[in-house]
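A look at the structure
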Amino acid sequence: EVGFQCNVRSSDDIRHLYTQLGVKPTKRTKKKAALSTDEDTLRGLAYNSPHAGTFQQILDIRERRTLISGFLGLETNSEGRYAANYLIHGTDSGRLSSRAARKGPQLQNIPYIARKVFNVPPEHIFIQGDLRRAEAMYVAYDSEDPGLINIFNDPTRDLYKENAEFALGHPVEKKSIERETFKRAIHASHYGMGPKKFLIILRLQEIDINDISIRGISTPFKKAEYILESYHNLHSNIRHWQEEIRRTIKATRTLHDAF
């Protein structure tokens, strides 16, 4: 399609492609010597360039190659099972950390599509432990936003569904792309994320914002902007809380968490 054998993992090949297509990203490498070819740059071009389809293909090929090299090249033990060692010293935060006993990835970030290769022994099952809405709930109480606190005090209410319905002006289903999009929008808003980065996050989750119908708005960037702003308009304490964190860091270089 591009007129030469383009290795999507080669920075030189991608920069040659930029020249071929007349594309000039604004982001540069750390030493500012060359145009950036990192994932964020390519995802931006996959949304906002005349050659979006080409850059989307490049991203798709990169993802498949990473899947094969990083997650499907596993080495099993004599029993045919994949073994990992858990590291007590692996993180500063206390979260779990592991590495392969032989060859393979650590077990904290296996993509959903690659989890199919794992099976349990006879008479065993997989279990998953997770605290529902924990991160959003922490932000609600730490920011003292009354609207969010009211939602979390009522177990029958659905934060993500309610915000989607408020912004879109119509009911949404529990298992819908609208609810999934607004779930990610809420977490993005809590981090102070902008619309460009939000679009990239949606793409990583295989969500196309073009599938969300918003009256009077057609472009992906404007849709992302509207979705984020609708949440901040509904829960205005969040930005005040974020600004207080910035002021505290600037003044003291220190943050104290809930512990």
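Okay, so let's go over this structure. (Residues numbered from 1 in each chain as written. Predicted model: local features only at pLDDT ≥ 70, side-chain atom pairs only at ≥ 80, totals over all residues. Heavy atoms only, no water.)

Bringing a nonpolar patch on the surface into the picture now. A surface patch of nonpolar side chains, about 280 Å² in accessible area, is lined by I68, L72 and V117. Residue placement: I68 occurs in helix α3 (residues 52-71). Exposure remark for I68: the relative accessible area of 56% places this residue in the exposed category. (Patch = residues over 30% accessible without salt bridge, like charges linked within 9 Å, V, L, I, M, F, W, Y side chains within 5 Å. Areas by Shrake-Rupley, 256 points an atom, 1.4 Å probe, with all protein chains shown as cover. Salt bridge = Lys/Arg side-chain N within 4 Å of Asp/Glu carboxyl O. Helix = DSSP H or I, 4+ residues; strand = E, 2+ residues; numbered from the N terminus. Buried < 20%, exposed > 50% of the residue type's maximum accessible area, 1.4 Å probe, protein only.)

Next up on the list: the nonpolar core. Counting residues in each nonpolar core, the largest one holds 18 residues, and the members touching the most others are L168, F182, F198, I209 and I227. Where this core is concerned, the elements lending two or more residues are α6 (159-168), α7 (177-190), α8 (195-204) and α9 (220-234). Those residues in contact with I227 that sit more than four places away from it in its chain are T181, F182, A185, F198, I209 and I214. Residues V2, V8, L17 and V23 belong to the second largest nonpolar core, which totals 13 residues. (Core = buried A, V, L, I, M, F, W, Y, C linked by side-chain atoms within 4.5 Å. Contact = heavy atoms within 4.5 Å.)

Time to look at the packing of α9 against helix α10 (residues 237-252). It is the contact of α9 with α10, at a shortest axis distance of 6 Å, that shows an interaxial angle of 90°. Classified by the interaxial angle, the pair formed by α9 and α10 is roughly perpendicular. Listed contacts from α10 to E229, Y231 and H232 of α9 are I238, R239 and Q242. (Axes fitted to C-alpha atoms, helices over the stretch in contact; angles between N-to-C directions. Parallel < 35°, antiparallel > 145°, perpendicular 65-115°, else oblique.)

Let's shift gears to the packing of aromatic side chains. A complete count under the given rule lists 2 aromatic pairs for this structure. With a centroid separation of 6.2 Å and 45° between ring planes, the pair formed by Y18 and F55 is classed as tilted. Taken as a pair, Y18 in helix α1 (residues 11-21) and F55 in helix α3 lie far apart in primary sequence, 37 residues in all. Taking the relative accessible area as the measure of exposure, Y18 reaches 1% and is therefore buried. Classification of F55 as buried rests on a relative accessible area of 0%. Centroid distance Y82 to F118: 5.9 Å. Interplanar angle 65°. Geometry classified as edge-to-face. Here the residue Y82 occupies a position in the loop between α3 and β1 (84-86), and F118 occupies one in the loop between β2 (98-100) and α4 (134-142), the gap between them amounting to 36 residues. Taking relative accessible area as the criterion, Y82 reaches 16% and is therefore assigned buried. (Phe/Tyr/Trp six-rings, centres within 6.5 Å; stacked < 30°, edge-to-face > 60°.)

Let us look at the pattern of salt bridges. Evaluated as defined, the whole model comprises 15 salt bridges. A salt bridge links K197 to D40, with the shortest nitrogen-to-oxygen separation between them at 3.4 Å. Of this pair, K197 sits in helix α8 while D40 sits in helix α2 (residues 39-47), and the two are 157 residues apart along the sequence. In this structure, E244 and R247 form a salt bridge, with 2.6 Å as the shortest nitrogen-oxygen distance. Placement of the pair is E244 and R247 together in helix α10, with a separation of 3 residues, close to one helical turn. The exposure class of R247 is partly exposed, given its relative accessible area of 45%.

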